[in-house]
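# Structural description and commentary
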Amino acid sequence: MNDDVISLPLLEVDSLTVDYRTRDGDIRAVNNLSFALEKGETLGLVGESGSGKSTLGLSIIQLVPVPGVIVNGHVRIDGVDVVRLSDEEMRAIRGKNVGFVFQDPMTSLNPVKKVGAHFIELIRTHEPNVTEAEALERAQKTLNDVGILPERINDYPHQFSGGMRQRIMIALAIALNPGVVIADEPTTALDVIVQAKILDLLKNLRDTYGMALILITHDLSIVLERCDKIIVMYAGNLVEYATGTELHSHPRHPYTQGLLQSIPNIELAEQKLEAIPGSPPNLLNPPKGCRFWLRCSEAGENCETEEPPIVEVSPGHFVRCFKEADKSERNRKR
Amino acid sequence: MDLRSYIVARVLLMIPMIFLLLSIVFLIVRVVPGDPVLLHFEKKASEEAMAEMRRELRLDQPLHVQYFEYLAGLLRGDLGKSMAPGRDSISQHIFSAFPATLELALFSILIAVGIGILLGVRASTSYNSVQDHVIRVFGTVIYAIPVFFLGMILLLVFSIYLKWFPAGGRIKPLMEPEGLTFYFSKPAGGFVQVFTWSFPVGLISWAISLVALKRKAIKFWPKGLLISLLVLSAGWIVYAYFAWHLMFRGGLHITGLYTIDSLLDGNVVKFVEAVRYLFLPSLTLGLMLSGVFIRLTRSNMLETLRLDFVTAARARGLKESSVVYGYALRNAFLPILTMMGLQFAMLLGGAILTETTFSWPGLGRYLVDRISFRDYTAIQGAVIFFGILVAVVNLVVDILYAYLDPRIRF
C-alpha cells in the first residue's frame, strides 16, 4: 500500500441513523452516530440492552434485521460507501473485509456441517480459485492460531465446548485476514475464566493480524483496559466518546459515571455499589430532550426540553451533555 | 457411535419389532369372534364347503401349529393362500401389484416434495409478501380438494380434451410383460445391445472413481490405481448382470418399475410411454401432497431462517443460495423427512382412490378387490406386507436422519 496518499480511515461511520419500522411506529435504534477507526485500533462500544450497539455493529455490514433500515448516513469501509452497494457487492465485502463474531457460540455454527466445511465454504466463496485441500490447510493454520488443535477440523460443532466454539467463530472471522473484526458481545454466553481468555485471544490476534477490532459489550469493565477508544451509547445516542484511560479517570457524562460506580472494586472490602435508578426509555416514544434526563441526578430544566449537543471537553473526548456544554460555554466567555 | 454402528444397531432393533408386528396380526385375525371362513361365506355355504376351505387354508390346525407354519412361510416370503376359488398365492399377487404402487408412490412423492420444498422455501424467503400469501393459499386449496376430484379434472383436461396423456392403465397392452412373471419371455437381445452398454458403463465407473479419488486427495500410484481398478471391475460386474439379462432373458424386468426397466433396457420408446401413463396419476397425488410439504417447509424455514448461524453465515458473505439451502433448509429438513417417510409409507399401502380413478393396477386396487370378496387371508397378507414396509421406510428415515444430523448419532 502507498503511504503517501492521504490515508483514509479503515472504517468510517458518518452520521449513521437506523430505524426499525414497526407496526406501532418507527424506533430509532441508532441516532446520528459518527466515528472512525484506524488500522490496529480497538474500539469499545458500550451500552445496555436496547442501546443500539448491536444494531450499529450489524449496520456496518448491512445486515440490520428486518424491519430495520438505514435512513441516513454513510459507512465507509476502505473508503467505499457500503450503504450504496448492491447486495452482491456487499456480500463480497462481508467476511472478506469485515469479520463478525456473534454473541452465542452455541448457536452460531451450522450444526450439520463439520468445522472444516465452514472454512472451505468461506474461503472458496471469496476466493473461488482455491482448492478444497488448500482451503483446509489454511483453515488448520487459522485454527492453530486461535488455540484449536488443527486435527479437530473434521469434528462437528456439537463436539466442542462453548469457549472452543467461540474460538472457531473467531477463526472464521479472521480467516480471510479482514481489516476490521466486529465482536458483538463475544463473551456474554461464556463463564468468567473463558471470557478473559477469549478477550486476550482477540487482543493478541489484533496485534498479529494487524486488524482493527470493535468490541461490543454491555460490560464497561471489560473494555476499559483493552480498548484504545470507547463509545458509550444510551438509547441509540452516543453519550460519551474518549480513550479508555481518559474515560476511566475523567468520566464526564452522568450515565458513564453511573456505569463506572456500578463496577465492583476488588480491593475495597466493603463497598456499596451504586446502581443507576430507573430503566431506559421506550424508544417508540422517547423523551423530548436528553434521553437520559429522567434517570439523571444532575438534570436541569433544559434537559427536559432540548436535545443536548455533543461537545469536545478535552482533545478527543466528546460528551453529549448540557452540564459540559455550559461549562465549555463559560470557559469560552472567560 | 459412528454412522455404521448406528445403522447396525437400528437394523438389529427391527427384528424384534417386526416379530412383534407379525404375532399381533396373527393373533388379531384368529382371536376376534367368529371365524374367517364363516365370515367369508356369510353362513351361506354348506358345512362341507366350509370345512374344505378350512382344511385347504390349514385353519383347522391347532393355534401353535398355525403360528409356526405362518412364521416359516413368511421366512420363505410366503404370505399364505387366498380364499378365492383358485387358492392363489397371496405373495405372488402382492409382489406383482406392488411395483406399480411403488412406481406411483416414488413419482408422487418426488413431485410432492419437489413442489413443496421449492414453493415452501420461496414463501419463507418472501415472508408476508403477495408471493407468500399466494403460495400458502395454493397449499391449502390443493390439499383440500378431494384427490379423486382432482384426478378426474386432470383426466378430463389432459386426456379427454387435449389427448396428451392416456386415460388409464400402466402401459400400452403390447408393452406389458406377460402374466405375473418377473421377466420378459421375448427372444434374446443380442451382442449389439451388450456392446452399446459396455462402453458408457466402463467409462462412467472409471470417471466416478477418479473424481472420488481426487476429492479424497488419495495419490494415484499405487493405492489410487488399485481403488479405481476395483471400482472399474465392480462396474463391469453390474454391467455383466444387465448384459446377461438382455441376452438371455430377452429384456430387463428387474425392478418391475416400467420407467427404470425400460431405461436399463435402453428402450426409449417404452420409457416415454411409461412416463406418459405415469404422469397424470402421480401428478394428482403429488399435487395433493405438495400442500402438506409447502406448509411444513414454510413454517420450518421461517424458524431456521431466524437462527443465529444463518445470520452468521450471511455475515461471512456466503451466497444467499447456500445460506438458504445449505444452512436454513438443511436444518429445517428433519421434520420434512419425517413427513416424507409417513406419506411415502401411506402411498405404498396403495393410493386406493387414485389407483381406481386411473385404473392403475397397484396394491390399492388389489386390496379393494380382496375386501369386496371378504378374503381374510389375503387381507392379512396385505396388512403384514404393509406393516413390514412401514418398518423399512422408518428404518430408512432414521438412517437418513443420522446422516443429515450428526447430533443424532451420539
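Not measured: the values here are computed from a predicted model.

Secondary structure assignment for chain A yields 11 helices and 12 strands. Relative to the 2.2 N^0.38 estimate, which gives 20 Å for 334 residues, the radius of gyration of chain A is 21 Å and therefore close to what a compact globule would have. Oriented by its inertia axes, the alpha-carbon framework of chain A measures out at about 70 × 50 × 50 Å. A buried classification covers 43% of the 334 residues belonging to chain A. By sequence separation, contacts in chain A at least 24 residues apart represent 62% of the contacts at least 6 residues apart.

A separate point is the overall build of chain B. Helix and strand counts for chain B come out as 16 helices and 0 strands. Among the 410 residues that make up chain B, the fraction classed as buried is 31%. A separation of at least 24 residues holds for 73% of the contacts in chain B among residues at least 6 apart in sequence.

A word on the interface of chain A and chain B. Between chain A and chain B, the residue contacts involve 25 residues of the former and 21 residues of the latter. Secondary-structure elements contributing two or more residues to the side of chain A that touches chain B are α2 (87-93) and α3 (115-126) of chain A. Across the side of chain A that touches chain B, the residue classes tally to 13 nonpolar, 7 polar and 5 charged.

Residue and element names in this part refer to chain A. Read from one edge to the other, the open sheet built from 4 strands follows the order β2-β1-β4-β5, with strand pairing classed as antiparallel. Taken across any chain shown, the strands that pair with only one partner, and hence form the sheet edges, are β2 (25-37) and β5 (80-81). Running over the sheet, helix α1 (residues 53-60) touches β1 (11-22), β2 and β4 (68-77) and is turned about 65 degrees from β2.

Let us now look at the domain arrangement of chain B. All names here are of chain B. Each assigned domain of chain B is listed here: domain 1 (90-171 + 271-409) and domain 2 (173-270). Across the contact, 13 residues belong to domain 1 and 14 residues belong to domain 2. Broken down by element, the residue count for the side of domain 1 that touches domain 2 peaks at 6 residues, all from helix α11 (residues 268-305). A class-by-class count of the residues in the side of domain 1 that touches domain 2 yields 8 nonpolar, 2 polar and 3 charged.

Residue and element names in this part refer to chain A. The strand order across the open sheet built from 8 strands is β6-β7-β8-β3-β9-β10-β12-β11, with neighbouring strands paired in mixed fashion. Looking at the sheet topology across the chains shown, the edges are occupied by β6 (98-101) and β11 (310-314). Direction aside, neighbouring strands of the sheet carry axes that sit 20 degrees apart on average. Pairing geometry for strand β10 (residues 237-243) and strand β12 (residues 317-320), over 2 bridges, is antiparallel.

Let us look at α3(A). Compared with the 16 Å implied by 1.5 Å per residue over 12 residues, the 18 Å span of α3(A) between its first and last C-alpha is a close match. Of the positions making up α3(A), those classed as buried are Val115(A), His118(A), Phe119(A), Ile120(A), Glu121(A), Leu122(A), Ile123(A), Thr125(A) and His126(A). Along its buried surface, α3(A) packs onto α4 (132-145) and α5 (162-174) of chain A together with α13 (320-348) of chain B.

So, about the nonpolar core. Core analysis: the biggest nonpolar cluster contains 161 residues, and Val180(A), Ile214(A) and Phe293(B) have the highest contact counts within it. Counting residues per element, this core draws most heavily on helix α5 (residues 90-125) of chain B, which supplies 16 residues. Filtering out sequence-adjacent residues up to four positions away, Ile214(A) remains in contact with Leu37(A), Leu43(A), Leu45(A), Gly57(A), Val180(A), Ile182(A) and Ala183(A).

Glancing now at the environment of Gly341(B). Along the chain, Gly341(B) turns up in helix α13. For the pair Gly341(B) and Glu273(B), spaced 68 residues apart in sequence, the C-alpha to C-alpha distance is 29 Å.

This brings us to unusual backbone geometry. Following Val66(A), the chain continues into Pro67(A) via a peptide bond in cis, with omega recorded as 5 degrees. Counting through the fold element by element, Pro67(A) comes out in the loop between α1 and β4. Here Ser359(B), not a glycine, exhibits a phi torsion of approximately 35 degrees, which is positive. Within the element layout of this structure, Ser359(B) appears in the loop between α14 (352-357) and α15 (363-372).

This part takes up the environment of Val130(A). All names here are of chain A. Mapped onto the fold, valine 130 is located in the loop between α3 and α4. Residues valine 130 and isoleucine 120, 10 residues apart in the sequence, show an inter-C-alpha distance of 9.1 Å. The residues contacting valine 130, other than those within four sequence positions of it, are Ile123, Arg124 and Ala135.

Taken residue by residue, chain B gives an average pLDDT of 81. The fraction at 70 or more is 85%. When the criterion is pLDDT under 50, residues 178-190 of chain B qualifies, and its contacts beyond four places in sequence or with other chains add up to 24 contacts.

Before going further, it helps to examine the environment of Glu127(A). Following the sequence through the fold, Glu127(A) ends up in the loop between α3 and α4. C-beta crowding within 10 Å serves as the criterion here: with 13 such atoms nearby, Glu127(A) is assigned to the partly exposed category.

All right, on to the pairing of β12(A) then. Residue and element names in this part refer to chain A. Where β11 meets β12, 4 bridges bridge the pair, whose relative direction is antiparallel. Each residue of the ladder has a partner; that of serine 314, found in β12, is histidine 317. Counted between consecutive antiparallel strands, the loop separating β11 from β12 contains 2 residues, among which glycine 316 sits at a positive phi close to 80 degrees.

Moving on: the packing of helix α7 (residues 147-161) of chain B against α11(B). All names here are of chain B. Packing of α7 against α11 brings their axes to within 9 Å, and their N-to-C directions diverge by 135 degrees. Comparing their axes, α11 and α7 come out oblique. When you trace α7 past α11, the crossing you get is right-handed. Of the residues in α11, those touching α7 at Val147, Leu150, Gly151, Leu154, Leu155, Phe158 and Ser159 are Leu280, Leu283, Thr284, Leu285, Leu287 and Met288. Looking at the contact of α7 with α11, its residues break down into 10 nonpolar, 3 polar and no charged.

Axis angle and axis distance: for two packed helices, these are the angle between their axes and the distance between the axes, and together they describe the pair. Residue and element names in this part refer to chain A. Contact geometry of α3 with α4 gives a least axis separation of 9 Å together with a crossing angle of 115 degrees. One element, α3, and the other, α4, form an angle in the roughly perpendicular class. You can see that α3 and α4 cross each other, and the crossing is right-handed. Only Glu132, Ala135, Leu136, Arg138 and Ala139 of α4 make contact with α3, whose side of the interface consists of Gly116, Phe119, Ile120, Ile123 and Arg124. When its residues are assigned to classes, the contact of α3 with α4 shows 6 nonpolar, 1 polar and 3 charged.

Cut-offs applied
- Residues numbered from 1 in each chain as written.
- Chains lettered and ligands numbered in written order.
- Predicted model: local features only at pLDDT ≥ 70, side-chain atom pairs only at ≥ 80, totals over all residues.
- Helix = DSSP H or I, 4+ residues; strand = E, 2+ residues; numbered from the N terminus.
- Rg over C-alpha atoms; globule rule 2.2 N^0.38 Å.
- Buried ≥ 20, exposed ≤ 12 C-beta atoms within 10 Å, placed from the backbone.
- Contact = placed C-beta atoms within 7 Å.
- Nonpolar A, V, L, I, M, F, W, Y, C, P; charged D, E, K, R; others polar.
- Pairing = 2+ DSSP bridges.
- Axes fitted to C-alpha atoms, helices over the stretch in contact; angles between N-to-C directions.
- Domains from an automatic or database assignment.
- Expected span 1.5 Å × (residues − 1).
- Core = buried A, V, L, I, M, F, W, Y, C linked by C-beta atoms within 7 Å.
- pLDDT = per-residue confidence, 0-100.
- Parallel < 35°, antiparallel > 145°, perpendicular 65-115°, else oblique.
- Left-handed = near helix turned anticlockwise from the far one by under 90°.

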